[in-house]
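# Reading the structure
Each chain, written out:
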Amino acid sequence: QEQLGEYHLETAESLSNLAALCIEIDRFEEAEPLLLKALEISKIELGEHHSVTTRHLGQLAGLYHALERFEEAEPLLLEALEISKIEFGEHHITTAHNLHKLATLYYSTGCYQKAEELALAALEISKIELGKHHPVTATSLNMLAEIYTSMGDYEKAESLLLESQEIKRSVL
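Residues numbered from 1 in each chain as written. Predicted model: local features only at pLDDT ≥ 70, side-chain atom pairs only at ≥ 80, totals over all residues. Heavy atoms only, no water.

## Concerning the side chain of Ser42
Test applied: Think of it this way: any DSSP run of H or I at least four residues long counts as a helix, any run of E at least two long counts as a strand, and we number them from the N terminus. In what follows, a contact means two residues having at least one pair of non-hydrogen atoms within 4.5 Å.
Within the secondary structure, Ser42 is located in helix α2 (residues 28-46). In this structure Ser42 touches Gly47, Val52, Thr53 and His56, once residues within four positions along its chain are discounted.

## Considering the pattern of salt bridges
The condition that has to hold: Whenever a carboxyl oxygen of Asp or Glu lies within 4 Å of a side-chain nitrogen of Lys or Arg, that contact is scored as a salt bridge. For each residue, the accessible area found with a 1.4 Å probe, counting protein chains only, is set against the maximum for its type, and the residue is called buried under 20%, exposed over 50%, and partly exposed in between.
Taken as a whole and assessed by the stated rule, the structure comprises 10 salt bridges. The partner of Glu40 in a salt bridge is Lys37, and the shortest N-O contact between them spans 3.6 Å. Highlighted residues: Glu40 and Lys37, both in helix α2, separated by three residues, approximately one helical turn. Of the residues examined, Glu40 reaches a relative accessible area of 33% and is grouped as partly exposed. Since its relative accessible area comes to 17%, Lys37 is described here as buried. With its nearest N and O atoms 2.7 Å apart, the salt bridge here joins Glu72 to Arg69.

## Observations concerning helix α8 (residues 154-171)
It helps to recall that an α-helix has 3.6 residues per turn; residues three or four apart then point in one direction. For clarity, the cut-off: Helix span is expected to be 1.5 Å times the residue number reduced by one. To be clear, the arc concerns the directions from the helix axis to the C-beta atoms.
The end-to-end C-alpha distance of α8, which contains 18 residues, comes to 25 Å, matching closely the 26 Å that a straight helix rising 1.5 Å per residue would cover. Considered for burial, the residues of α8 that qualify are Ala157, Leu160, Ser164 and Ile167. One side of α8 carries all its buried residues, which in axial view fall inside an arc of 90°. Residues of α8 that are exposed and point more than 90 degrees away from the buried face comprise Tyr154, Glu155, Glu158, Leu162 and Arg169.

## Quick look at the confidence of the model for the chain
This is how it is decided: pLDDT gives the predictor's per-residue confidence on a scale running from 0 to 100.
Confidence in the prediction of the chain, expressed as mean pLDDT, is 93, and 97% of residues score 70 or more. In the model of the chain, helix α1 (residues 9-24) stands out as the element of lowest mean pLDDT, 92, in contrast to helix α6 (residues 112-129), which has the highest, 97.

## Description of the packing of α2 against helix α3 (residues 51-66)
Counted only if it meets this: Fitted lines through C-alpha atoms give the axes, limited to the stretch in contact for helices. The angle between two N-to-C directions lies from 0 to 180 degrees. An angle below 35 degrees is treated as roughly parallel, one above 145 as roughly antiparallel, one from 65 to 115 as roughly perpendicular, and anything else as oblique. Definitions for this section: a left-handed crossing has its near helix turned counterclockwise from the far helix by less than a right angle. A right-handed crossing has that turn clockwise.
Direction vectors running N to C along α2 and α3 enclose 160°, while the axes themselves pass 9 Å from each other. Between α2 and α3, the crossing angle belongs to the class labelled roughly antiparallel. Considering how the two elements wind past one another, α2 and α3 form a crossing that is left-handed. In this structure, α2 contributes Phe28, Ala31, Glu32, Leu35, Leu36, Ala38, Leu39, Ser42, Lys43 and Leu46 to the contact, and α3 contributes Val52, Thr53, His56, Leu57, Gln59, Leu60, Leu63, Tyr64 and Ala66.

## Side note on the packing of aromatic side chains
The geometry of an aromatic ring pair is captured by two quantities: the separation of the ring centres and the angle between the planes. Rules: Aromatic rings from Phe, Tyr and Trp, with only the six-membered ring used for Trp, were paired whenever their centres fell within 6.5 Å, and each pair was classed as stacked if the ring planes differed by under 30 degrees, edge-to-face if by over 60, and tilted otherwise. Counting as a charge over the ring demands two things of the Lys NZ or Arg CZ atom: a distance within 6 Å of the ring centre and an angle within 35 degrees of the ring normal.
Applying the stated rule across the entire model yields one aromatic pair. Relative to Tyr112, the ring of Tyr107 has its centre 5.8 Å away and its plane inclined at 50°; by these criteria the two rings are tilted. A relative accessible area of 22% places Tyr107 in the partly exposed class. Residue Tyr112 is classed as partly exposed on the basis of its relative accessible area of 28%. When the ring centre of Tyr106 is taken as origin, the NZ or CZ atom of Lys114, which lies over that ring, is 4.9 Å away.

Here it is, written out as structure tokens:
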């Protein structure tokens, strides 16, 4: 920060990395101002609709999710999803990743219908973009299985878990 300046992209990246470390060691309160500053820098230097800005939005939303500050996480995830749709397209893996994050948030808040819809969309993109036998596809299947378990649809959940397990066995 001293050498490059307060609003340099490398400063934002360093702040983001430091925040990730803080989160890893459960120092959440220290992570928030670092992520807010990294987000501010990326918006100023790169613009509102840049992939780095999207990443910082996702990091901050992830922090709020971990802190169960769901009402603060949701608009950030919605913004990140919209940016990824604009920048990468509806069927890009980055869009799928943002759909998955939002589905996870809705799952955590008990909004299973919304979570299911988004998780299905993320799974479809993963299958198309990465293939039916990719670890990310297995993760999407697991997410859907968790949702169906919570909804009481154990037959669907079991089927998805078996499919996921088969992928993991063949790939990993």
